[in-house]
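# A closer look at the structure
Spelled out, the chains give:
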Amino acid sequence: MTGARAERRPATGAAGRAWVLAAALVVLLPPEAGQPPGSAVGVVPAARPEENAIQREHPDWWAQIVSAIEEDERQVFAPAPGTGDGRLVANARGFRAFFGEGGVEVAPDSADWRWKFSLESVSGRAVLPASPSAVGRRVSYRRGVVTEVYENRPEGLEQTFEVAKPPEGGGPLVIEGRVEAPLGQRRDAQALGFGEGLEEALRYDGLKVLDADGRKLRASMAWSATSPGEGRIRIVVEGDGRYPLVIDPFITAPAWQVVGASQVGASFGYSVSGAGDVNGDGFSDVIVGEGDFDGALTDMGKAYVFLGSATGFSTGAAWQVVGATQAGAEFGENVSGAGDVNGDGYSDVMVAEWRFDGAATDMGKAYVFLGSATGLSTGTAWQVVGASQANAHFGVSGFGVGDVNGDGFSDVLVGEPDFDGAVSDMGKAYVFLGSATGLSTGAAWQVVGSSQAAAIFGGAASGAGDVNGDGFSDIVVGEENFDGTATDSGRAHVYLGSPTGLSTGAAWRVTGANQASAFFGFSVSGAGDVNGDGFSDVIVAE
């Protein structure tokens, strides 16, 4: 076997981290049933007729009140005389922003340093000085040919450059600004991370450029350090578009972040998934894998669960398990929520150990850990090894897929992309059904890929939701190295659920673009209902 999937895994040179971006929320306790806000508990005053009429006409009145308060919290304001330095202020998600004549200054909640930005030039011409003006949650600086705008949105601070006309003398449009802040680990053409060490307290990304016709233009960012703690951001807009142009990056802060073990190459966060509610407290939890964690042996791997709460995720793991005592087994390389496989009302999780050595080297193994009122068990409730083939890599993909046969129990999907069938590395995928006693150890469904060597069927696999609206969950499986009209153009398949389980024939199958090495199906997932027609959709990467 070639083990092609393993060869394409990107190298990781740092301990890694996992983090969640979430909108800020002012949490209010709604009134108890039958009580208007402000009523004493246990005292139900008689409702006035006009109150009943309002509630009938606006049944979502409480949500509207919460939404209005959140909107009010995002308004830009001037501090009371004598309490500030004259700058405008906005309370954003994860940080506070200050707007003065020198530009914008951002103070992250999670750090004691500040990020300062001042716009310097547009296509080599210095911008005009300007004072900020605020309306609602927007702040504007009018600088001649360019207007610099900031809007305090739920997801972060949106920075917009509205450029009225093209550069004199032609050439690409270039926006340059000076930044004072420590630069973190992330720096590429689409995102910059700011922080100290492995901590990323702010991110500058989401770059988007639209012309006057709403057409999207290509753009990139670059960072150049001018001194420690200081540098320049340079945004270059490529292609021709009708002016005015709108250049739109975002300034965001993580609502939660955790750094992995203090080990080089531990790969904490290489795999992350929602875990459902493992302890039944009403809050969703998250599972994080650290596949190259060194325990008693090198790269044995580890997985963690962090619990949700009214204040967000905990920073300390409520559950952590190290893999089998095998070097290089990489327990936690793939982690996922499994749904509720035994119907006890608690969410369960699944962890793969794709390089586990059983009867053969790197055959792979998958485990399920059950939720309960006290959280996840540390002992496995279910464990299954792959085919007795070296380098089959059972567990590279898959996991919780919903209820494919409608029996009320969650089922799981596992991919084995380097399985040898009629030819080498054709790949295979399996589904195991849930029940009152947990998951079956025998697969209720198993399908091999096309009769092509190294097609890697099952290298990516996921629940698809209910694509045809029949009430049964469906699945999507990628076959990234499938040769269509070109070598490795790739392919993806959807299999439908039913009262008797999944179909063995694909109900939908699409081959990628007519390009060699396009790898259509390298990543697949359910996408929810993107067009609101009541049917689930799927997303496939190429």
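A few points on the structure. (Residues numbered from 1 in each chain as written. Predicted model: local features only at pLDDT ≥ 70, side-chain atom pairs only at ≥ 80, totals over all residues. Heavy atoms only, no water.)

### Description of the overall build of the protein chain
Cut-off, in case you're wondering: To qualify as a helix, a DSSP run of H or I must reach at least 4 residues; to qualify as a strand, a run of E must reach at least 2; elements of each kind are numbered from the N terminus. Any residue under 20% of the maximum accessible area for its type is buried, any over 50% is exposed, and the rest in between are partly exposed; the area is computed with a 1.4 Å probe on protein chains only. Contacts are residue-level and defined by heavy atoms, with any inter-residue pair within 4.5 Å sufficient. For accessible areas, the Shrake-Rupley method is used with a probe of radius 1.4 Å. Any residue's cover is judged against the shown protein chains and nothing else.
Of regular secondary structure, the protein chain possesses three helices and 37 strands. Going through the 542 residues of the protein chain one by one, you find that 48% of them count as buried. At a minimum sequence separation of 6, the contacts of the protein chain that also span at least 24 residues come to 56%. In the structure as shown, the protein chain presents an accessible area of about 23800 Å², 51% of it carried by carbon and sulfur atoms.

### Quick look at the environment of Gly-229
The topology assignment puts Gly-229 in the loop between β16 (219-227) and β17 (230-237). Taking C-alpha positions, Gly-229 is 5.7 Å from Glu-180, a pair spaced 49 residues apart along the chain.

### Points about the pairing of strand β29 (residues 411-416)
Operational definition: In short, DSSP must find at least two bridges between two strands for them to pair.
β29 sits mainly inside the fold: six of its six residues count as buried. Neither face of β29 is open: one carries Asp-411, Leu-413 and Gly-415, the other Val-412, Val-414 and Glu-416, and all of them are buried. Across five bridges, the pairing between strand β28 (residues 397-402) and β29 is antiparallel. Looking at the pairing, Phe-399 lines up with Leu-413 of β29. Judged from the five bridges that link them, β29 and strand β30 (residues 428-432) form a sheet pairing that is antiparallel. Paired with Val-412 across the strands is Phe-432, a residue of β30.

### Comments concerning the environment of Pro-154
Within the secondary structure, Pro-154 is located in the loop between β9 (146-153) and β10 (156-163). Each C-alpha atom, one on Pro-154 and one on Thr-252, is 9.9 Å from the other, the two residues being 98 residues apart in sequence.

### Considering the sheet that holds strand β21 (residues 285-290)
Let me state the cut-off plainly: Lines fitted to C-alpha atoms define the axes, with helix axes restricted to the stretch in contact, and inter-axis angles between N-to-C directions lie between 0 and 180 degrees.
In space, the four strands of this open sheet follow the order β20-β21-β22-β23, with antiparallel pairing throughout. Two strands close off the open sheet at either side, each with one partner strand: β20 (268-276) and β23 (319-322). For this sheet, the mean inter-axis angle between neighbouring strands, taken without regard to orientation, is 15°. Sheet topology places β20 next to β21; six bridges connect them, and they run antiparallel. Considered in β21, the bridge of Gly-274 is made with Val-286.

### Details of the sheet that holds strand β35 (residues 508-511)
Ordered by their spatial adjacency, four strands build an open sheet running β32-β33-β34-β35, and the pairing between neighbours is antiparallel. Looking at strand neighbours, the two that pair on one side only are β32 (457-465) and β35, the edges of this open sheet. Strand-to-strand twist across the sheet, computed as the mean angle between neighbouring axes with direction ignored, equals 15°. Where strand β34 (residues 491-495) and β35 come together, four bridges link them in antiparallel fashion. Residue Val-494 lies in a different strand from β35, and its bridge partner there is Trp-508.

### A short note on unusual backbone geometry
Look at the link from Tyr-243 to Pro-244: it is a cis peptide, with omega at 5°. Looking at the secondary structure, you find Pro-244 in the loop between β17 and β18 (245-252). Its identity is not glycine, yet His-393 carries a phi of approximately 60°, on the positive side. One can find His-393 in the loop between β27 (382-385) and β28. A relative accessible area of 1% means that His-393 is categorised as buried. Phi angles above zero are rare outside glycine, and Phe-519 is one such case at about 55°. Locating Phe-519 in the fold gives a position in the loop between β35 and β36 (523-528).

### Regarding the packing of aromatic side chains
The condition is simple: Two rings belonging to Phe, Tyr or Trp (six-membered ring only in the last case) form a pair when the distance between their centres is within 6.5 Å. Interplanar angles under 30 degrees mark stacking, angles over 60 mark edge-to-face geometry, and anything in between is tilted.
Counted by the stated rule, this structure contains 19 aromatic pairs. Here Phe-99 and Tyr-150 contribute two aromatic rings whose centre-to-centre distance is 5.5 Å and whose plane-to-plane angle is 50°, an arrangement assigned as tilted. Taken together, the positions of Phe-99 in strand β3 (residues 95-100) and Tyr-150 in strand β9 put the pair 51 residues apart, joining distant regions of the chain. Side by side, Phe-99 and Tyr-150 carry an identical accessibility label, which is buried. Taking the centre distance of 5.1 Å and the plane angle of 70° together, the rings of Trp-319 and Phe-369 count as edge-to-face. Of this pair, Trp-319 sits in strand β23 while Phe-369 sits in strand β26 (residues 365-369), and the two are 50 residues apart along the sequence.

### Describing the side chain of Ser-450
Put simply, the test is: By the criterion applied in these results, polar contacts are pairs of N or O atoms within 3.5 Å in which, for protein atoms, one can donate a hydrogen and the other can accept it, and in which residues neighboring in sequence qualify only through two side-chain atoms.
Along the chain, Ser-450 falls in the loop between β31 (445-448) and β32. Polar contacts involving the side chain of Ser-450 include one to the side chain of Glu-479, which spans 2.8 Å. Ignoring anything within four residues of it in the chain, the contact list for Ser-450 reads Met-426, Ala-455, Glu-479, Phe-482 and Arg-491.

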